[in-house]
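Residue strings, one per chain:
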Amino acid sequence: FLVIFLCREITFFSRHMTADNEKILYFVKNFSFKKWPSSFRKEGSRLECREFWFLALFLLSKLFKNPQKEIVNVTLCLISNMANTILIYLIAAKIFSYETAFICSMLYLSSFWPFQVSIYFGHIIYSTMWFLISLLAIAYINIEDIYSILIFSFLSGVTCFICFASSSSSRKYPPMIFLFL
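These numbers were taken from a predicted model, which means no experiment stands behind them.

A.B. asks: Please explain the overall build of the protein as it appears in this structure.
C.D. replies: Secondary structure assignment for the protein yields 9 helices and 0 strands. Here the protein holds 181 residues, and 43% of them are scored as buried. When contacts within the protein are restricted to residue pairs at least 6 apart in sequence, long-range pairs at least 24 apart make up 63% of them.

So this is what it looks like as structure tokens:
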């Protein structure tokens, strides 16, 4: 929350709607669920493979006085980063000991990469959150129970789909999913 407070007046790194995040927030401001869902994918919107990032920004922007500021992107990314830390702990605790899970989650939390990425490319961290939810669903599959296999496989597939539709950078995740199986 300290980073959110310190970044509350952050500006976009360029002027005149050239930054992707600025374009996305412009379309967030003008979006309504009463319109046809694909209406926000207009020319120049930069929403290719970021549809769920866009919808999450739309919902989060309702909490801000000025939803056109970069802090909306940063806040969603930092919330995702916090969720990623918890998800890493839960996944590692399912596979390893609780001590190892704590070390893994603290290693992620103390790295600077997510915080650096949150300033300009938050959709990557948001997509990672959905990827980790997908891995968590796979980790909780009980192979002796058919209902467990069906429910958690379906949940993993849905969250994997959301992951791929949250960031164009999520193409790196399928090999890791197959390694996790």
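There is more to say, and it comes next.
A.B. asks: Hey, could you run me through helix H5 (residues 98-110) in this one?
C.D. replies: Given 3.6 residues to a turn, an α-helix orients residues that are three or four positions apart in the same direction. The end-to-end C-alpha distance of H5, which contains 13 residues, comes to 18 Å, matching closely the 18 Å that a straight helix rising 1.5 Å per residue would cover. When we look at burial in H5, the residues that qualify are Ala101, Ser105 and Tyr108. In a view along the axis of H5, the buried residues occupy a sector of 60 degrees, so they form one face of it. Away from its buried face by more than 90 degrees, H5 exposes Glu99, Ile103 and Leu107.

A.B. asks: Mind showing me how you'd approach a nonpolar patch on the surface here?
C.D. replies: Where nonpolar side chains cluster on the molecular surface, the patch consists of Ile79, Met82, Ile86, Leu90 and Tyr140 and spans about 430 Å² of accessible area. Looking at where Leu90 falls in the secondary structure, it is placed in helix H4 (residues 71-95). For Leu90, a relative accessible area of 31% corresponds to the partly exposed category.

A.B. asks: Would you mind showing me how to read the confidence of the model for the protein here?
C.D. replies: Residues shown with low pLDDT carry predicted positions that ought not to be read at fine detail. When pLDDT is averaged along the protein, the result is 79; 75% of the residues meet or exceed 70. Ranking the elements of the protein by mean pLDDT puts helix H1 (residues 2-6) last with 62 and H5 first with 94.

A.B. asks: Sorry if this is basic, but what is going on with the packing of aromatic side chains here?
C.D. replies: Given two aromatic rings, one states the distance between the centres and the angle between the planes to describe the pair. All chains considered together, the criterion is met by 1 aromatic pair. Relative to Trp130, the ring of Tyr126 has its centre 6.2 Å away and its plane inclined at 80 degrees; by these criteria the two rings are edge-to-face. Taken as a pair, Tyr126 and Trp130 lie in helix H7 (residues 122-139) at a separation of 4 residues, close to a single helical turn.

A.B. asks: Looking at this model, I keep getting lost on the nonpolar core. Mind explaining?
C.D. replies: Across soluble globular proteins, nonpolar side chains show a tendency to be buried alongside one another. Ranked by size, the top nonpolar core spans 33 residues in total, and within it Leu57, Leu76, Tyr126, Phe131, Leu132 and Leu135 carry the most contacts. Where this core is concerned, the elements lending two or more residues are helix H2 (20-29), helix H3 (51-61), H4, H7 and helix H8 (146-164). The greatest single-element share of this core, amounting to 10 residues, is contributed by H7.

A.B. asks: Quick question: what am I supposed to make of H3 here?
C.D. replies: By the criterion of burial, H3 is predominantly enclosed, with 8 of the 11 residues buried. Considered for burial, the residues of H3 that qualify are Glu51, Trp53, Phe54, Ala56, Leu57, Phe58, Leu60 and Ser61.

A.B. asks: Help me understand the environment of Phe131 in this model?
C.D. replies: Structurally, Phe131 can be placed in helix H7. For the pair Phe131 and Thr159, spaced 28 residues apart in the sequence, the C-alpha separation amounts to 6.8 Å. Apart from the residues lying within four places of it in its own chain, the contact partners of Phe131 are Cys163, Tyr173, Met176 and Ile177.

A.B. asks: Can you help me understand the packing of H4 against H5 in this one?
C.D. replies: The axes of two packed helices give the description: the angle between them and the distance between them. Where H4 contacts H5, the axes come no closer than 8 Å and their chain directions differ by 155 degrees. For the element pair H4 / H5, the angle class is roughly antiparallel. As for the relative orientation of H4 and H5, their crossing is right-handed in sense. Contacts between H4 and H5 pair Asn81, Asn84, Thr85, Ile88, Tyr89, Ala92 and Ala93 from the former with Tyr98, Ala101, Phe102, Cys104, Ser105, Tyr108 and Leu109 from the latter. By residue class, the composition of the contact of H4 with H5 is 10 nonpolar, 4 polar and no charged.

A.B. asks: Teacher, can you tell me more about the environment of Ile88 here?
C.D. replies: Position of Ile88 among the secondary structure elements: in helix H4. Through-space distance from the C-alpha of Ile88 to that of Met106 is 9.3 Å; in sequence the pair is 18 residues apart. The residues touching Ile88, leaving out its near neighbours within four places in the chain, are Cys104, Ser105, Tyr108 and Leu132.

Rules of the game
Numbers given to residues run from 1 along each chain, matching the order in which its sequence is written. A pLDDT threshold of at least 70 governs which residues receive local features in this predicted model, and a stricter bar of 80 or more applies before side-chain atom pairs are shown or counted, although totals over entire chains, interfaces and linings include all residues. The side-chain figures draw on all heavy atoms in the structure; neither hydrogens nor water molecules are used. Helix numbering and strand numbering both begin at the N terminus, where a helix is a DSSP run of H or I of at least 4 residues and a strand a DSSP run of E of at least 2. Partly exposed describes any residue whose relative accessible area lies between the buried limit of under 20% and the exposed limit of over 50%, with all areas from a 1.4 Å probe on protein chains only and scaled to the type maximum. Contacts are assigned to residue pairs that have any heavy atoms within 4.5 Å of one another. Expected span, for any helix, means 1.5 Å times one less than how many residues it has. This arc is built from the directions going out from the helix axis to the C-beta atoms. Patch rule: a residue counts if its relative accessible area is over 30% and it has no salt bridge; like charges are joined within 9 Å, and nonpolar side chains (Val, Leu, Ile, Met, Phe, Trp, Tyr) within 5 Å. Here, Shrake-Rupley sampling with a 1.4 Å probe gives the accessible areas, and only protein chains in the shown set may cover a residue. Note on definitions: salt bridges are taken to be side-chain nitrogens of Lys or Arg within 4 Å of carboxyl oxygens of Asp or Glu. One number per residue, pLDDT, summarises how confident the predictor is, and it ranges from 0 to 100. To pair, rings of Phe, Tyr and Trp, with the six-membered ring standing in for Trp, must have centres within 6.5 Å; the planes then decide the type, stacked if under 30 degrees apart, edge-to-face if over 60, and tilted in the middle. For our purposes a nonpolar core is just a set of buried Ala, Val, Leu, Ile, Met, Phe, Trp, Tyr and Cys residues, chained together by side-chain atoms within 4.5 Å. The axes are straight lines fitted to the C-alpha atoms, using for helices just the contacting stretch, and the angles between their N-to-C directions are given from 0 to 180°. For classification purposes, an angle smaller than 35 degrees is called roughly parallel, one larger than 145 roughly antiparallel, one from 65 to 115 roughly perpendicular, and anything else oblique. With the far helix as reference, a near helix turned anticlockwise by less than a right angle produces a left-handed crossing, and one turned clockwise produces a right-handed crossing. Under the grouping applied here, Gly and all other residues not named as nonpolar or charged are polar, the nonpolar ones being Ala, Val, Leu, Ile, Met, Phe, Trp, Tyr, Cys and Pro and the charged ones Asp, Glu, Lys and Arg.

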